[in-house]
Amino acid sequence: MATVWARAMCGVAMAAMLASAAQAQQLSYGTNLRGTPGLIDMPSAHSPADADIGLSYTRFTNTTRSALTFQLTPRLSTSFRYNQLYDIRPGGSASDRAVFDFVFDRSFSLHYRIMDEGRFRPAVAVGLNDFLGTGFFESEYIVASKSLTPDLRATLGLGWGRFGTQGGFDNPLGILSDSFDARGARTASSTGGEVDSIEWFRGDAALFGGLQYRINDRTLATVEYSSDAYPFEDGTAFDVKSPVNVAVSYDLHPGLRLTGAYLYGSEAAINLSYNINPKVRRDGNINNTAPLPVRAQGTGAAASWDAATDPQARGPQTATAAALSEQDITLYGLTLRGDLARVAIVNDTYRTDSQAIGRTARTLTYTLPDSITRYEIVVMRRNLPVVSATLRRSDLTDLEFDADAAFASYARAGIDTSPAAVPPTADPFPRLDFGIAPFISTSLFDPDSPVRLAGGLSLTADLDLTPGLRLSGDIRSKLLGNLDDATRPSNSVLPRVRSEKNIYDREQTTLNRLTASYLFRPGTDLYGRATAGYLEYGFAGVSTELLWAPAGRRYALGAELNRVRQRDFDQRLGLRDYTVTTGHLSAYYDFDDGYFTQLDLGRYLAGDDGGTLTVGRRFDNGWNVEAYATLTDVSFDDFGEGSFDKGIRVTIPFDFLTGQDMRRSRPVLIQPILRDGGARLSVQDRLYPLIEDSRTDDLQRTWGQFWR
């Protein structure tokens, strides 16, 4: 009966697709219960908007799913899913049932839209589920979706693997090769992390499909026929009585959706999803001070000003420092030569250097005499000059109210991403900055508890002795949390450089970091760093780095060498016996639209040799999403659960949360498993992150904020 219903529904949907005579308005679709673009439990061919970030939580009997989805490109969706499963029996035998009474399962998915919806043609997508995990949910599919009316959309797909277990039939790809006819059975002993591409699109196939109807602007109803028979769960985790699922979704708030569903004729499910798009999200700038207008030449001349209120009467440097401070910008140095002022600033406030440069330029029209007609504004990171813009004062006056002021001012500006240093004349040394702030430490995907965290207060201090030379410390006191509940001992066969982090986490008050560092410019396009001390929670020693970042180029090359020794578990001054020399050669490349890649080759903390590939996308408002994978000469078996090191890092800018301009951000690392293979030293002030957002392309793309 189910097969007849499925064929009838798919036939009606396909006929309606072919009969649709006009391009329908797009519906507002979210993710399915698996956290990927789809219907209820099955996929569809639509995609979220480019750069969309989605969080999803689903709960039904014996199953909990949490998912993070990122629309990496306009066509490619990537998803990481974490499942909490009870009574799953992937091998089908009594012994397997005993082993998998309770499982935390991690999996990755890809969804690629290969064809857009047109007037008559449907959108078409292809996807892989659980292609990099234990294989519990391993499946592949090709799916088509078509809007029939502005409020009705139909989906029809063909699935393999798990998606070929309900109403399955011989694989149609078998006409290409006999190798597509059979699919190898997964083994219950898999530790995950391996790509088993030889099984993709093999074995029985099955049809799935569904209809979605928009009831009103907030409510969406969905019915689907599922081709997943839940072979590992049926009869133990829950009972599969019907392949038909129904659901109603309601938008509580833009981006926030609540879904209730009735699954497989036996189970009620609830899903909560939240989507945000960093491309369309505003920057901060709600509460910060307004920018100054440009002072026209000849107005308010110094000779006619009252000395008590005239900023120039206090001297250009004092006046400039005070005026920039009101704009939340720090003056680092100021030199005057002829008609040129070279002004070095520290931008710790504004998300883009373009905005800081623009505000500085307008401030200089007030604090410098009219005889200064050119401004070279140099942005500093620590004592490293990372980018400069040379502007004519007359251009500021001419273009302030121009309809195309952003483009015209950039075209007239002289941009240099490898400027000469400006002596520090404004802020004497030594200089001390310190503060107390809350911190949060997390431990994810522990087999005994999926989420552990701790919070407390962090006392940080930075003492700049001379330009580039800094003493820095971080003392942390844990006030609450359950990180110290982790008691499972490490079973690693490698040097335990990370797998015993749970022991470090037991301490209440720790010296997280105590270092001396020196940043310098050894030559044109060259940046250098030397750091010594207690570098991170687990290691102390010496770290050196050299970066070559040629001006106006998309690429950069770096080299790092470290000699470190493992710290005592109490994270005070004591050291353990393990010592290692580690280091990497690194290559960086920036693509268009914020995409970037980084390749690191070298030796890791456990003495293993290999490489790490990082691919990601950064946004002008401070959001950053990246994924990495590390392969070394450690075998998958020796590495242990997960097979190799991999993870996702999402950086959230603080100004997104506060509405107040600031450059600070919080990286959130989603690391499926913390093991010893592929572990890299954590060092503050690595060079490329200091300069990456000051490259020529970034400045050009964000120059519209010059006038903000």
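Located above this text is the structure these notes cover.
In this report, the structure presented in the accompanying data block is examined. Treat the numbers as computed from the prediction; the structure is a model and nothing was measured. (Residues numbered from 1 in each chain as written. Predicted model: local features only at pLDDT ≥ 70, side-chain atom pairs only at ≥ 80, totals over all residues. Heavy atoms only, no water.)

1. Brief notes about the sheet that holds strand S12 (residues 267–276)
Just so we agree on the cut-off: Strands are labelled as partners when DSSP assigns at least two bridges between them. Helix numbering and strand numbering both begin at the N terminus, where a helix is a DSSP run of H or I of at least 4 residues and a strand a DSSP run of E of at least 2. Note on geometry: axes are C-alpha line fits, over the in-contact stretch for helices, and angles between N-to-C directions span 0 to 180 degrees.
The twelve strands are arranged S1-S2-S3-S4-S5-S6-S7-S8-S9-S10-S11-S12 in a closed barrel whose pairing can be described as antiparallel. Neighbouring strand axes in the sheet, compared pairwise and without regard to direction, differ in orientation by 20° on average. Note that strand S6 (residues 139–149) and strand S7 (residues 152–161) share ten bridges and pair antiparallel. If you follow Tyr-141 over to S7, its bridge partner there is Gly-159.

2. A look at the pairing of strand S29 (residues 645–653)
Using the following cut-off: Each residue is assigned to one of three classes by its accessible area relative to the maximum for its type, calculated with a 1.4 Å probe on protein chains only: buried under 20%, partly exposed between the two thresholds, exposed over 50%.
Most of S29 sits out of view: seven of its nine residues are buried. Pairing of strand S28 (residues 624–632) with S29 involves seven bridges; the strand directions are antiparallel. The residue bridging Ala-627 from the neighbouring strand is Ile-648, located in S29. Across six bridges, the pairing between S29 and strand S30 (residues 665–670) is antiparallel.

3. As for the packing of helix H3 (residues 316–326) against helix H4 (residues 353–367)
This is how the line gets drawn: Here is the rule for angles: anything less than 35 degrees is roughly parallel, anything more than 145 is roughly antiparallel, 65 through 115 is roughly perpendicular, and the remaining ranges are oblique. The crossing is said to be left-handed when, going from far helix to near helix, the turn is anticlockwise and less than a right angle, and right-handed when the turn is clockwise. Any two residues whose heavy atoms approach within 4.5 Å at even a single point are treated as in contact. Think of it as three bins: nonpolar holds Ala, Val, Leu, Ile, Met, Phe, Trp, Tyr, Cys and Pro, charged holds Asp, Glu, Lys and Arg, and polar takes everything else, Gly as well.
Two elements in contact, H3 and H4, have axes whose closest approach is 10 Å; the angle formed by their N-to-C orientations is 140°. Judged on the interaxial angle alone, H4 and H3 are oblique. Note on packing geometry: the crossing formed by H3 with H4 is right-handed. Side by side, H3 and H4 meet where Pro-316, Ala-319, Thr-320, Ala-323 and Leu-324 of the first sit next to Thr-360, Thr-363, Leu-364 and Thr-367 of the second. Here the contact of H3 with H4 is built from residues that sort into five nonpolar, four polar and no charged.

4. Thoughts on empty space enclosed by the protein
Selection rule: Points on a 1 Å grid over protein atoms alone make up a cavity when a 1.4 Å probe fits among them but cannot get out, and a pocket when they form an open set with protein on both sides within 12 Å along at least five of seven lines; lining residues each have an atom within 4 Å of a point. Grid points are joined across faces, edges and corners, and a volume is the space filled by probe spheres set on the points.
Following the criterion strictly, the structure yields seven cavities of 30 Å³ or more and no others. The volume enclosed by the largest cavity comes to roughly 130 Å³. Looking at side-chain class alone, the lining of the largest cavity contains six nonpolar, nine polar and one charged residues.

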